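Structural overview
Listed below, chain by chain, are the residues.
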Amino acid sequence: MANGQWYPPEWPERIRAFAAGTLTPVPPRRAATVMLLKNAGTGPIVHMLRRRASMAFAGGAYAYPGGGVDPRDDDRDIRWAGPTRAWWADRLGVEEAGAQAIVCAAVRETFEEAGVLLAGPTPDTVVGDTTGDDWETGRAALVARELSFAEFLDRRGLVLRSDLLGAWARWITPEFEARRYDTWFFVAALPEGQRTRNASTEADRTVWIRPRDAAARYDKGELLMMPPTIATLRELSPYGTSAEALAAAPARDLTPVLARARLADGEIVLSWPGHDEFTKHVPTPPTPPMPGGGPA
C-alpha cells in the first residue's frame, strides 16, 4: 500500500454487484463528527482516535470523535445558544428538526467519545473540567441511551453552544457500502479548562497531532485513514490557529461528496468527485468462457 488509505476487502465484490444492478443501496443514516482543535507552538493540533483493530469497519484507522444521530437529538426542549435552528437548517441543507439533530449529535458524540462538552450554564459561557465521577456517570448514561442529550443538559442546567461549532464538510458513504452514513464534519476549539480523554469503547488510543504531520504519516503508509479523514486533514493544514480555521468554516462548501463506481476497460474505477487522490482501479475477473469454447 503506497499510502494509508483504508480499503475494505469486500468492496470489489460489492462494487461489481452494484455496477451489475444486483445490489440495492441502503439509505444513509445521518451522522456528525468533530475535528477538535487546540493551539500549539507550531500551529493548531487536532484530536484523533484510532479505531480498535477488532472493529468490523475501518479497524485500525484514525478518525475524529463522532457517530450517528440519536432519534432524540431533535428534542425541541433542548436548551440552545448560538445561531438559530433555521440558520443551521440553511447551512446544513436540511429541515430545522434535522439541523438540530445533527448539531446536537456533534456536541453529544464529542462528549461521549472525548469527554469534551460544548455547553455552558449560560449562552456565553462553557463548563470547565468534565473529568469527575459525576460527569462520567452522565456520560455513561448517554452512551447507554438511558438519557437523551436534552435531559442530560436540563438536569445540569446547561445550554448547548451551537456557536462553538463550524460546519466544514459533508461526505456520504458510497452506495455500495453495507453501512452508510451521511456525515457532516465540524470544527471546534477545545474549551479552556477542559481536556480530552479516550472515552470511546471503539478506540484503543488517541493523539493530538498537527494536521500536516498526520497527512505526512498517511502518505508514508504509517497511519490508516478513510478518504474523508485525510481530505479534511489536508484542508486544515494551511491554518495557523484554531480561530483561523473556525473563521473559515462559514465559507466552506457543504456539497456532499459521494463516491462513484463505473466500469471502464475491464476494470472498475472508483472515484470521489473533487478528490482525485482517492481514485482506485479495481480489476474485474475475466468472463468465463461459454460452454463449448465459443459464443452461443
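In short, a report on the structure. (Residues numbered from 1 in each chain as written. Predicted model: local features only at pLDDT ≥ 70, side-chain atom pairs only at ≥ 80, totals over all residues. Heavy atoms only, no water.)

Here the focus is the overall build of the chain. Regarding its fold elements, the chain presents eight helices and 15 strands. Seen through its principal axes, the chain has C-alpha atoms that stretch 80 × 40 × 35 Å. The buried share of the chain, taken over its 296 residues, is 50%. About 13600 Å² of surface is accessible on the chain, with carbon and sulfur atoms providing 51% of the total. Seen as two clouds, the 34 positive and the 38 negative side-chain charges of the chain have centres 3 Å apart. (Helix = DSSP H or I, 4+ residues; strand = E, 2+ residues; numbered from the N terminus. Buried < 20%, exposed > 50% of the residue type's maximum accessible area, 1.4 Å probe, protein only. Areas by Shrake-Rupley, 256 points an atom, 1.4 Å probe, with all protein chains shown as cover. Lys, Arg positive; Asp, Glu negative; His and termini not counted. Charge placed at Lys NZ, Arg CZ, Asp CG, Glu CD.)

What follows concerns the sheet that holds strand β7 (residues 159-161). Ordered in space as β5-β7-β6, the three strands form an open sheet in which the pairing is mixed. Of all strands in the sheet, those bounded by a partner on one side alone are β5 (80-81) and β6 (119-120). (Pairing = 2+ DSSP bridges.)

With respect to topology, three strands assemble into an open sheet ordered β13-β14-β15, the strand pairing being antiparallel. In this open sheet, the two edge strands, each paired with only one partner strand, are β13 (260-264) and β15 (275-283). Neighbour-to-neighbour, the strand axes of this sheet turn through a mean angle of 25°, independent of strand direction. Pairing between strand β14 (residues 267-272) and β15: five bridges, direction antiparallel. By the bridge assignment, Val269 is partnered in β15 with His281. Along the sheet, helix α1 (residues 11-20) makes contact with β13, β14 and β15, crossing β14 at roughly 95°. Strand contacts of helix α7 (residues 227-236): β14 and β15, with the helix running at about 155° to β15, the strand carrying the most contacts. (Axes fitted to C-alpha atoms, helices over the stretch in contact; angles between N-to-C directions. Contact = heavy atoms within 4.5 Å.)

This brings us to α1. Those residues of α1 that sit buried are Trp11, Pro12, Ile15 and Ala17. Contacts from the buried residues of α1 go to β13, β14 and β15. Gly21 sits one or two residues past α1 and shows a positive phi near 80°.

Let us now look at the packing of helix α4 (residues 133-143) against helix α5 (residues 149-156). α5 packs onto α4 with a crossing angle of 160° between their chain directions and a minimal axis gap of 10 Å. The angle between α4 and α5 falls in the class roughly antiparallel. Between α4 and α5 lies a crossing whose hand is right-handed. Residue-level contacts link Asp134, Trp135, Gly138 and Leu142 of α4 to Phe149, Phe152 and Arg156 of α5. Residue composition of the contact of α4 with α5, by class: four nonpolar, one polar and two charged. (Parallel < 35°, antiparallel > 145°, perpendicular 65-115°, else oblique. Left-handed = near helix turned anticlockwise from the far one by under 90°. Nonpolar A, V, L, I, M, F, W, Y, C, P; charged D, E, K, R; others polar.)

The calculated volume of the second largest pocket comes to roughly 170 Å³. Lining the second largest pocket are Ala169, Trp171, Glu235, Arg252, Asp253, Thr255, Pro256, Val257, Leu258, Arg260, Pro273 and His275. Looking at the lining of the second largest pocket, the elements with two or more residues in it are β8 (166-172) and β12 (257-258). (1 Å grid on protein atoms, 1.4 Å probe; cavity = no way out; pocket = protein on both sides within 12 Å on 5 of 7 lines; lining within 4 Å. Points joined across faces, edges and corners; volume = space filled by probe spheres on them.)

Turning our eyes to something else, we now look at the side chain of Ser162. Looking at the element boundaries, Ser162 is found in the loop between β7 and β8. In contact with Ser162, not counting residues within four places along its chain, are Trp80, Ala81, Gly82, Pro83, Trp88 and Val103.

Once that is clear, we can look at the packing of aromatic side chains. Inspection of the entire model under this criterion finds eleven aromatic pairs. Centre to centre, the rings of Phe111 and Phe152 are 5.3 Å apart; their planes meet at 35°, and the pair counts as tilted. With Phe111 in helix α3 (residues 96-114) and Phe152 in helix α5, this residue pair connects regions lying 41 residues apart in the sequence. Taking relative accessible area as the criterion, Phe111 reaches 0% and is therefore assigned buried. Relative to Tyr239, the ring of Trp168 has its centre 5.8 Å away and its plane inclined at 80°; by these criteria the two rings are edge-to-face. Placement of the pair is Trp168 in strand β8 and Tyr239 in the loop between α7 and α8 (242-248), with a sequence separation of 71 residues. The exposure class assigned to Trp168 is buried, which follows from its relative accessible area of 0%. Take Tyr239: its relative accessible area is 24%, and that puts it in the partly exposed class. Each residue in the set Phe111, Trp135, Phe149 and Phe152 is aromatic and connected to the rest through ring pairs, giving one cluster. The ring centre of Trp135 lies 3.9 Å from the NZ or CZ of Arg156, which sits over that ring. (Phe/Tyr/Trp six-rings, centres within 6.5 Å; stacked < 30°, edge-to-face > 60°. Lys NZ or Arg CZ within 6 Å of the ring centre and 35° of its normal.)

Keep in mind that these numbers describe shape and distance, not what the molecule does.
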